[in-house]
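Each chain, written out:
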Amino acid sequence: MPGALREKLSAAVGPANVLTGIELSPYVVEGRTPDAAVFPGSIDEVAAVVGLAANEGVPVTPWGGGAAASVGMPAARAGLVLGLRRMSRLLEHEPADLTATVEAGMTMGAFQAALGGRGQWMSLDPADADRATVGGVLATNAFGPRRHLYGAARDLLIGVTVVTADGAVVRGGGKVVKNVAGYDLPKLFVGSYGTLGVIVEATVKLRPLPDHEQLQAVRFERLKDTGVAVKAIMGSDLIPSAIELLDAAAASSAGLAADTPAGGAVLVVGFDGPREQVAWQCAELARILVPLGGQQTRTLEAEAWSRLAAAPGTARPATAAVMTFSVVPSLVAETMDRGAGIARARGLHSAWAAHAGVGAVRAVLASDAAPHEPAAIATVLGEWREMARAGGGHATLAWAPLAVKSRIPVWDDPGAAGRIMQRIKSQLDPGNILNPGRFIAGI
Amino acid sequence: MATLTDSRKRELRRELETIVGPDAVLSDPDELLVYESDGLTLFRALADFVVFPTSTEHVSAVVKLANRERLPFVARGAGTGLSGGCLPAEGGVVISLMRMNRVLEVDYDNQLAVVEPGLVNLHLSWKVGPRGYYYAPDPSSQQACTIGGNIANNSGGPHTLKYGVTTNHVLGLQVVMPDGEIVWLGGRTRDAQGYDLAGVFVGSEGTFGIATKIVVRILKKPQAVKTVLAVFDQIDRASAAVSAVIARGLVPAAMEMIDHLTIQAVEDAFNCGYPRDADAALLIELDGLAVGMEGQLERIVEACRDAGARETRTAKSESERQLLWKGRKSAFGAYGRVSPAYMVMDGVIPRTKLPYVLSRVNEIVAAHGLRVGNVFHAGDGNLHPNILYDPRKPGEEERVVAAGAEIMKVCAEVGGSISGEHGIGLEKSDFMPFIFSAADLTLMQRLKNAFNPTGLCNPGKIFPTKKSCVEVGPVAYRPHAIEEKGLAQRF
Ligand SMILES: Cc1cc2nc3c(=O)[nH]c(=O)nc-3n(C[C@H](O)[C@H](O)[C@H](O)COP(=O)(O)OP(=O)(O)OC[C@H]3O[C@@H](n4cnc5c(N)ncnc54)[C@H](O)[C@@H]3O)c2cc1C
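Q: Give a detailed account of the overall build of chain A, specifying residues and quantitative values.
A: Scanning chain A for helices and strands turns up 15 helices and 19 strands. Whereas a compact globule of 443 residues would reach a radius of gyration of roughly 22 Å, chain A reaches 22 Å, a difference of no more than 12%. Each principal axis of the C-alpha distribution contributes one length, and for chain A these read about 70 × 55 × 40 Å. The buried share of chain A, taken over its 443 residues, is 59%. Sequence separation of 24 or more characterises 72% of the internal contacts of chain A that already satisfy a separation of 6 or more. Here chain A has roughly 15400 Å² of accessible surface; of this, 52% comes from carbon and sulfur atoms. Put simply, chain A has 39 plus and 40 minus side-chain charges, and the middle of one group is 4 Å from the middle of the other.

Q: Pulling in residues and values, what's your account of the overall build of chain B?
A: Helix and strand counts for chain B come out as 17 helices and 22 strands. Across its three principal directions, the C-alpha atoms of chain B cover 70 × 60 × 45 Å. Across the 491 residues that make up chain B, the buried fraction comes to 64%. Averaging the coordinates of the 52 positive side-chain charges in chain B and doing the same for the 57 negative ones gives two points 2 Å apart.

Q: Give a description of the packing of helix H8 (residues 235–247) of chain B against helix H10 (residues 293–306) of chain B that names residues and reports values.
A: Residues and elements named next belong to chain B. H10 packs onto H8 with a crossing angle of 140 degrees between their chain directions and a minimal axis gap of 8 Å. Taken as axis vectors, H8 and H10 run oblique relative to one another. In terms of crossing hand, the pair formed by H8 and H10 is right-handed. In contact with Ala 241, Ala 244 and Val 245 of H8, H10 contributes Ile 300, Ala 303 and Cys 304.

Q: Tell me about the sheet that holds strand E16 (residues 311–314) of chain B, and name the residues and values.
A: Residues and elements named next belong to chain B. An order of E16-E13-E15-E14-E19-E21-E17 is seen for the seven strands of this open sheet, with the pairing classed as antiparallel. The open sheet has two edge strands, E16 and strand E17 (341–344), and neither has a second partner. Strand-to-strand, the axes of this sheet are offset by a mean angle of 20 degrees, without reference to chain direction. Pairing of E17 with strand E21 (residues 385–389) involves four bridges; the strand directions are antiparallel. When the bridges of E21 are listed, Val 344 appears paired with Asn 386.

Q: Let's hear about the environment of Gly 191 of chain A: which residues, and what values?
A: Its place among the elements puts Gly 191 of chain A in the loop between helix H7 (185–189) and strand E10 (198–205). It is 4.6 Å that separates the C-alpha atoms of Gly 191 of chain A and Ala 139 of chain A, two residues lying 52 residues apart in sequence. With near-sequence residues (within four places) excluded, Gly 191 of chain A lies in contact with Leu 138, Ala 139, Thr 140, Asn 141 and Phe 439 of chain A together with Gly 194 of chain B.

Q: Please provide a residue-by-residue account of the side chain of Asn 374 of chain B, values included.
A: Residues and elements named next belong to chain B. Along the chain, Asn 374 turns up in strand E19 (residues 371–376). According to the relative accessible area criterion, Asn 374 is buried, its value standing at 2%. If near-sequence neighbours (up to four positions away) are discounted, Asn 374 is found in contact with Met 257, Ile 258, Asp 259, Thr 262, Tyr 335, Leu 358, Val 361, Asn 362, His 384 and Pro 385.

Q: Explain the interface of chain A and chain B residue by residue, including any values.
A: Counting from both sides, the interface comprises 73 residues of chain A and, opposite them, 82 residues of chain B. Taken together, the two surfaces of chain A and chain B that pack against each other cover about 6400 Å², and 58% of this comes from carbon and sulfur. The three residues of chain A that bury the most area against chain B are Lys 178, Val 180 and Tyr 183 of chain A, which together make up 15% of that side's buried surface. Remark: the boundary between chain A and chain B carries eight salt bridges. The closest approach of N and O atoms between Asp 380 of chain B and Lys 178 of chain A, which form a salt bridge, is 3.9 Å. Taken together, chain A and chain B are joined by 28 residue pairs in polar contact (both at pLDDT 80 or more). Mapped by element, the contributors of at least two residues to the side of chain A that touches chain B are helix H6 (153–156), strand E9 (169–173), H7, helix H8 (226–234), helix H10 (275–289) and helix H15 (417–428) of chain A.

Q: Could you give an account of the sheet that holds strand E8 (residues 157–163) of chain A, naming the residues involved and the relevant values?
A: Residues and elements named next belong to chain A. Taken together, the five strands give an open sheet; going across it, the order is E5-E6-E10-E8-E9, and neighbouring strands pair in antiparallel fashion. The strands lining the two open edges of the sheet, one partner per strand, are strand E5 (90–94) and E9. Direction aside, neighbouring strands of the sheet carry axes that sit 10 degrees apart on average. Both E5 and strand E6 (residues 99–103) contribute to a ladder of four bridges, which runs antiparallel. Note on E6: the bridge partner recorded for Glu 94 is Thr 99.

Q: Can you tell me about the state of the cysteines, naming the residues and giving the values?
A: Residues and elements named next belong to chain B. Tallied over the entire structure, the rule returns zero disulfides over all chains. Here Cys 457 stays unpaired: no disulfide links it, and the sulfur of Cys 86, its closest cysteine neighbor, is 13 Å away. Classification of Cys 457 by relative accessible area gives buried; the value is 1%.

Q: Tell me what's going on with the confidence of the model for chain B, and back it up with residues and numbers.
A: Chain-level statistics for chain B give a pLDDT mean of 93 and a share of 94% at 70 or above. Scoring of the predicted complex yields 0.96 for pTM and 0.97 for ipTM.

Q: Could you give me a rundown of the pattern of salt bridges, with the residues and numbers involved?
A: All names here are of chain B. Applying the stated rule across the entire model yields 50 salt bridges over all chains. When the shortest N-O distance is used, the salt bridge between Arg 102 and Glu 116 registers 2.9 Å. With Arg 102 in the loop between strand E5 (93–96) and strand E6 (103–107) and Glu 116 in the loop between strand E7 (112–115) and helix H4 (121–128), this residue pair connects regions lying 14 residues apart in the sequence. The closest approach of N and O atoms between Arg 313 and Glu 311, which form a salt bridge, is 3.1 Å. Relative accessible area serves as the criterion here: at 24%, Glu 311 is assigned to the partly exposed category.

Q: Provide a residue-level description of unusual backbone geometry, including the pertinent values.
A: A cis amide bond links Ala 311 of chain A to the next residue, Pro 312 of chain A, at an omega of -5 degrees. In the Ramachandran plot, Glu 30 of chain A falls in the positive-phi region, its phi being about 50 degrees despite a non-glycine side chain. By secondary structure assignment, the location of Glu 30 of chain A is in the loop between strand E1 (18–19) and strand E2 (36–38). Residue classification places Glu 30 of chain A among the partly exposed residues on the basis of a relative accessible area of 26%. Of note in this structure, Glu 205 of chain B is not a glycine but carries a positive phi near 55 degrees. Residue Glu 205 of chain B is classed as buried on the basis of its relative accessible area, which comes to 5%.

Q: Before we move on, could you go through helix H12 (residues 332–345) of chain A and cite the residues and values that matter?
A: Each full turn of the α-helix corresponds to 3.6 residues, which orients residues three or four apart in the same direction. All names here are of chain A. End to end, H12 covers 20 Å across 14 residues, agreeing with the expected 20 Å (1.5 Å per residue, within 8%). Every buried residue belonging to H12 is among Val 332, Ala 333, Thr 335, Met 336, Gly 339, Ala 340, Ile 342 and Ala 343, and all of these are buried. Structurally, H12 contributes buried residues whose contacts are with H8, strand E13 (242–247), strand E17 (349–355), strand E18 (360–366) and helix H13 (374–390). Immediately downstream of H12, the backbone of Gly 347 shows phi near 75 degrees, a positive value.

Q: Explain H10 of chain B to me, using residue names and the numbers behind them.
A: The first and last C-alpha atoms of H10 of chain B sit 20 Å apart over 14 residues, in line with the 20 Å expected at 1.5 Å per residue. Burial in H10 of chain B covers these residues: Met 293, Gln 296, Leu 297, Ile 300, Val 301, Ala 303 and Cys 304 of chain B. Viewed end-on, H10 of chain B has its buried residues packed into an arc of 160 degrees, placing them on one side of the element. Facing away from the buried side of H10 of chain B by more than 90 degrees, the exposed set consists of Glu 298 and Asp 306 of chain B. Where H10 of chain B is buried, its residues meet H10 of chain A together with strand E13 (224–232), H8, strand E15 (280–288) and E16 of chain B. Where H10 of chain B ends, the next residue or the one after it, Gly 308 of chain B, has phi of about 110 degrees, a positive value.

Q: So, the domain arrangement of chain B: which residues are in play, and what are the values?
A: Residue and element names in this part refer to chain B. Structurally, chain B comprises domain 1 (103–220), domain 2 (224–317 + 326–333) and domain 3 (339–420). Between the C-alpha centres of domain 2 and domain 3 there is a distance of 22 Å. Contact residues are listed per partner, giving 17 residues for domain 2 and 16 residues for domain 3. Roughly 1300 Å² of surface becomes buried between domain 2 and domain 3 when both sides are summed, with 64% attributable to carbon and sulfur atoms. Remark: the boundary between domain 2 and domain 3 carries zero salt bridges. Those elements that provide at least two residues to the side of domain 2 that touches domain 3 are H8, strand E14 (254–259), helix H9 (260–270) and helix H12 (331–338). Take the side of domain 2 that touches domain 3: its biggest share by element is six residues, from H8. Split into classes, the residues belonging to the side of domain 2 that touches domain 3 amount to 10 nonpolar, three polar and four charged.

The rules behind the values
Residues numbered from 1 in each chain as written. Chains lettered and ligands numbered in written order. Predicted model: local features only at pLDDT ≥ 70, side-chain atom pairs only at ≥ 80, totals over all residues. Heavy atoms only, no water. Helix = DSSP H or I, 4+ residues; strand = E, 2+ residues; numbered from the N terminus. Rg over C-alpha atoms; globule rule 2.2 N^0.38 Å. Buried < 20%, exposed > 50% of the residue type's maximum accessible area, 1.4 Å probe, protein only. Contact = heavy atoms within 4.5 Å. Areas by Shrake-Rupley, 256 points an atom, 1.4 Å probe, with all protein chains shown as cover. Lys, Arg positive; Asp, Glu negative; His and termini not counted. Charge placed at Lys NZ, Arg CZ, Asp CG, Glu CD. Axes fitted to C-alpha atoms, helices over the stretch in contact; angles between N-to-C directions. Parallel < 35°, antiparallel > 145°, perpendicular 65-115°, else oblique. Left-handed = near helix turned anticlockwise from the far one by under 90°. Pairing = 2+ DSSP bridges. Buried area = accessible area lost by both parts, 1.4 Å probe. Salt bridge = Lys/Arg side-chain N within 4 Å of Asp/Glu carboxyl O. Polar contact = N/O pair within 3.5 Å; in protein donor to acceptor, adjacent residues only side chain to side chain. Disulfide = S-S within 2.5 Å. pLDDT = per-residue confidence, 0-100. Expected span 1.5 Å × (residues − 1). Arc of directions from axis to C-beta. Domains from an automatic or database assignment. Nonpolar A, V, L, I, M, F, W, Y, C, P; charged D, E, K, R; others polar.

If you want it as structure tokens, here you go:
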């Protein structure tokens, strides 16, 4: 990095907020060290930093809590990490409007705690809430079990402020829950992985905290049988907040049902609302599931949510790769069952968990002993991806060592839509400085 | 835009006929008149051609021809839009999707349907109703408007409060891009790969291309529904009740406000049993599980009482429920009896600003010597002031338009928006700077460039511009055909 740039950055954000050299170790991704990490304290400072980087053609990596820092391909060129940790205030919370405006660097955990103090929450429950920031969760479209009833980031974000690649401050959407003025910019930035702009503020819809909540865990002898069970729940009058499906390996590592037989599964169904509705639904659930092979229903405490959100993240000691799938809900159980078989056939272990009602599946691939050959890992991942595609879905390599990533693309081929994405990228970031090369279609 | 010579027009007509068939092209000025405006009859513009494709390939071929000829083109659904969105530029091609109106597939296991864009909104709910499902977004025009138009405008309805607007129910779209290329944005799964292009397309008002297939979610019908009318002696108390219900952690399916003038008009015309002397009423609907519903209803009634409701009436049967909704839904027809014409405004404000904004609306309209009836989606803060006027009186329509602009300014000042569901179209493009900065608009323009670089696809909409190509009032108000038939009302 040119010394002159460092001086200008120090002038923009204060010398204490520019890290270089040995201080950069927390920001090393896949062995690559950025030139500097810069921590602006205001929107204007973010704009100044991006403007300086743009002038020099230096890449910028927006950084929330670093929870998803290794998702995607690593930056092709070194550059600046732009950390948002100093921008972590709750700016506005009007309970009667069911909306809040928050700085992007606030952690989800802190945000939810502040809202919860006034009886509300942002109905999004991704893993790692104490580390992941609101901006990072939006930029990666992270979600958790209760997406089933309450939707994803795209359904909750009503306004967004971003600093674009030219250092301009742009606002999209607004502060009202219903709004069709102009293009829906919040949708553009959700899941854009910091490639179109730096999210600095967000306005989201809130919900009241439920009066009462209960999670029911039901064991099945065979994973295969759970497809019918999920379908029966979805076709019933029940209004579950979540339908989680875990295979035996994922269930035992999440501490849910250590006694689940290999080849078996645990279905966790959540309900919330007035107490009598929750009670009625729990009884109805048992009535539906018992004839379908559901056994040993147990009630879980609410703290199980965070373990479900992270499942099967910690399932195996020697994790070789993590893949996420988006498939239609009716194919979830089959995807898990067949996917585990594909891994087994190559002598590898896997653990699977899904937000079954929304078709979001997550798998961990692992070997017990010595790390496996990257080629063998990549072969399994390739077969998994083919399986997802055959069912009209797609798969993303959420985590793997570089040796694996260089053999199988992180992102699936988006087809003709990829060209539109590239056009959007070149319109919004013509100098290609925001997370260059990290995202889909070479973006 | 250069005007086409008659002989060139004949040649192009023949070419269009070879694409879509001889019975699917209009170019006779008399026939084109039907397509010169939408539900907002203030604006009018004549196209050179209207075509009625029946397949994605037809649409693509027509779009490619238009590109070759540098002719502007615009998609049109039922033409019920209220912001001039589907108006042609002066000249060019209107692509009507009304013959592409099939339900292509219903996948009950995955709770989705694949439909063509010209399908009438309500027809989807009819199709899936027998299996216990429905399509949630319910604009009041749902007996006529198309899913394609709904996608373009990101339409809402009374039940938006709980279930969200169109965008929350769209999974994917097949689109003919402005250059004629056929592309899928999103698909059948909840998440697409990469940028959320389907999410960006919804609400783009026909400027990003033409949707030719749409994958939407369908929902299970709720087990039970309860409807209650809360009556107030002061409209401010009704506004306070809206916030009070929310503050108690209750999320009704719908929460609609009907003001004094509207109640009078509705009672004069239809006798729905609303108390005539009330200053305002809130129509509140709950849906969901049958068990526990009574308890929730009690909490809502209590919140209304505490906010100052003088009485609450709960529908005891489906027919009583329908009667309560009739009061809400027949407001338009009722205005027609007390005024020769009216114009509906569409703005959004934070719920907590309702009392202030409603009083400002009344002041503004009164200052212009006009009357206003308010009937709107109070739970969402989505206002619909209906300004009553007489188009035959010189200058009155201009005063309505001026009052409308002032109301939009007030919405903007309190942190709201200039449209909750009707869109910007031609009508409000010059109001965009009320809520967006130059930088905001530049980014939107860049996004548009990525989809529609030539600008031939639905030109002149959304962005601030001189309305030179289009005839602007004074034009007598004409009700939309579906209103005349009494099928719908304007909100
Ligand atoms: C009586 C009445 C009541 C109404 N009530 C409501 C209401 O409650 N809520 C609400 O939100 N709106 C309401 N509206 C407004 C209107 O009905 C909606 O905006 C509706 O979605 C328009 O659908 P349409 O098929 O008539 O579209 P059109 O008016 O034909 O077109 C609207 C826009 O969609 C574009 N378009 C149409 N088809 C396509 C396609 N296939 N691909 C891309 N773009 C396309 C057009 O170019 C245009 O920009 C009402 C209108 C009337 C007249």
